[in-house]
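# Examining the three-dimensional arrangement
Spelled out from the first residue to the last, the chains are:
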Amino acid sequence: LIMIFAAVSTNFNLIHSNKYYAYLYRVLGCTTPSQFVILLGFGLIGFYLFRGAIITLFTYIMNCFSQGRFKHFALKFFQNYLNFHYKDFTANNSAKISKVIFGDAGQLVHILASMLTIFAEVLTVIFIYFALLLVNWKMTFVLTVFLAVKVFFIVKTFSSKLARAGQRAHKLNVELSRTFSESFWNFKLIKLFSNERLVLNRFDKASTSLIKANIFNAVLQSSPRIILETLGFSLLISVMIYIIYRYND
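Worth saying up front: this structure is predicted, and the values here are computed from it rather than measured.

### Considering helix H3 (residues 19-27)
Taken as a whole, H3 has its buried residues at Tyr21, Ala22 and Tyr25. Angularly, the buried residues of H3 cover 100° about the axis, an arc narrow enough to put them on a single face. Residues of H3 that are exposed and point more than 90 degrees away from the buried face comprise Lys19, Tyr20, Tyr23 and Val27. At its buried positions, H3 is contacted by helix H1 (2-10), helix H2 (13-17) and helix H4 (33-82).

Here is the structure:
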């Protein structure tokens with residue numbers, strides 16, 4: 001829409017040469033091209049305000065639902081914990097139980113929110129894809145094959161690494177929580193044996209490892225998008241260079 005508005009704003013002749021602009025010009029009862037562009041501009045502003053309100057409302061509703069699931073999951077996990085037999089309770093570290101109730105429940109909500117976002121974007125992707133097919137089905141087919149192959153290799157390369165990185169981050173998080181929990185409940189013993197430095201070093205080692213794992217995880221998560229964008233834009237520019245070189249237009 002912005003590109004359409006920019007095209008009309010910089011070339012008033014399009015208003016009369018394009019049948020859609022000409023029809024809209026007559027419907028709006030415009031007398032001058034500048035009047036038409038001004039009305040079109042205000043119409044676009046109104047559209048984007050409406051769009052912003054709809055997106056905000058959608059985000060609010062989606063988060064109300066996903067955060068409501070957090071309460072549901074956390075409550076279920078906590079109920080299971082309360083139903084433990086004493087033998088099962090002693091076999092599980094308190095840090096691990098705490099991680100499941102608060103950490104894992106939050107992760108489940110994050111996954112659920114991401115899935116809802118994907119479903120919401122699917123309709124937009126379908127419309128864009130059909131528009132591309134109408135514009136140039138051959139080029140769209142070539143791009144589809146190219147992107148499908150590229151995505152396949154990216155998924156194969158990164159999915160297993162991301163899974164391993166996630167598992168390592170989870171273990172280190174539990175280790176960090178365990179160190180804190182044990183030091184909290186054994187505070188008298190730590191003071192009695194002057195083990196502050198030993199516990200601090202253990203905490204420092206676990207937190208350093210967790211930070212490294214989280215950094216690696218974050219880089220891995222952003223890499224597929226960067227690769228897709230870089231190759232995608234490079235391909236687009238390459239196609240334009242080829243067309244200009246081949247047809248001089």
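### Focus: the packing of aromatic side chains
With the rule as written, the count across this model stands at 3 aromatic pairs. Between Phe47 and Tyr48, the ring centres sit 5.4 Å apart and the planes meet at 75°, which makes this aromatic pair edge-to-face. Ring centres of Phe152 and Phe153 lie 5.7 Å apart, and the angle between their planes is 75°; this geometry places the pair in the edge-to-face category. A relative accessible area of 48% means that Phe152 is categorised as partly exposed. Given a relative accessible area of 52%, Phe153 falls into the exposed group. Sitting above the plane of the Tyr247 ring, Arg246 keeps its charged end 5.4 Å from the centroid.

### Focus: the packing of H1 against H4
Two packed helices can be described by the angle between their axes and the distance between those axes. In the contact formed by H1 and H4, the axes pass within 10 Å of each other and the chain directions differ by 165°. Judged by the angle between their axes, H1 and H4 are roughly antiparallel. Note that H1 runs across H4; the crossing there is left-handed. Where H1 approaches H4, its residues Ile2, Phe5, Val8 and Ser9 are matched on the opposing element by Phe36, Val37, Leu40, Gly41, Leu44 and Tyr48. Taken together, the residues of the contact of H1 with H4 sort by class into 8 nonpolar, 2 polar and no charged.

### Examining the packing of H3 against H4
Packing of H3 against H4 leaves a shortest axis separation of 11 Å and a crossing angle of 90°. As summarised for this structure, H3 and H4 are arranged roughly perpendicular, according to the angle between their axes. Between H3 and H4, the contacting residues are Tyr21, Leu24 and Tyr25 on the first element and Pro33, Phe36 and Leu40 on the second. Taken together, the residues that form the contact of H3 with H4 break down as 6 nonpolar, no polar and no charged.

### Regarding a nonpolar patch on the surface
Where nonpolar side chains cluster on the molecular surface, the patch consists of Trp137, Met139, Phe141, Val142, Leu143, Val145, Phe146, Leu147, Val149, Phe152, Phe153 and Leu231 and spans about 1100 Å² of accessible area. By residue number, the principal contributor to the nonpolar patch is helix H7 (residues 137-185), which donates 11 residues. Relative to the helices and strands, Val145 is located in helix H7.

Basis of the calculations
Residues numbered from 1 in each chain as written. Predicted model: local features only at pLDDT ≥ 70, side-chain atom pairs only at ≥ 80, totals over all residues. Heavy atoms only, no water. Buried < 20%, exposed > 50% of the residue type's maximum accessible area, 1.4 Å probe, protein only. Helix = DSSP H or I, 4+ residues; strand = E, 2+ residues; numbered from the N terminus. Arc of directions from axis to C-beta. Contact = heavy atoms within 4.5 Å. Phe/Tyr/Trp six-rings, centres within 6.5 Å; stacked < 30°, edge-to-face > 60°. Lys NZ or Arg CZ within 6 Å of the ring centre and 35° of its normal. Axes fitted to C-alpha atoms, helices over the stretch in contact; angles between N-to-C directions. Parallel < 35°, antiparallel > 145°, perpendicular 65-115°, else oblique. Left-handed = near helix turned anticlockwise from the far one by under 90°. Nonpolar A, V, L, I, M, F, W, Y, C, P; charged D, E, K, R; others polar. Patch = residues over 30% accessible without salt bridge, like charges linked within 9 Å, V, L, I, M, F, W, Y side chains within 5 Å. Areas by Shrake-Rupley, 256 points an atom, 1.4 Å probe, with all protein chains shown as cover. Salt bridge = Lys/Arg side-chain N within 4 Å of Asp/Glu carboxyl O.

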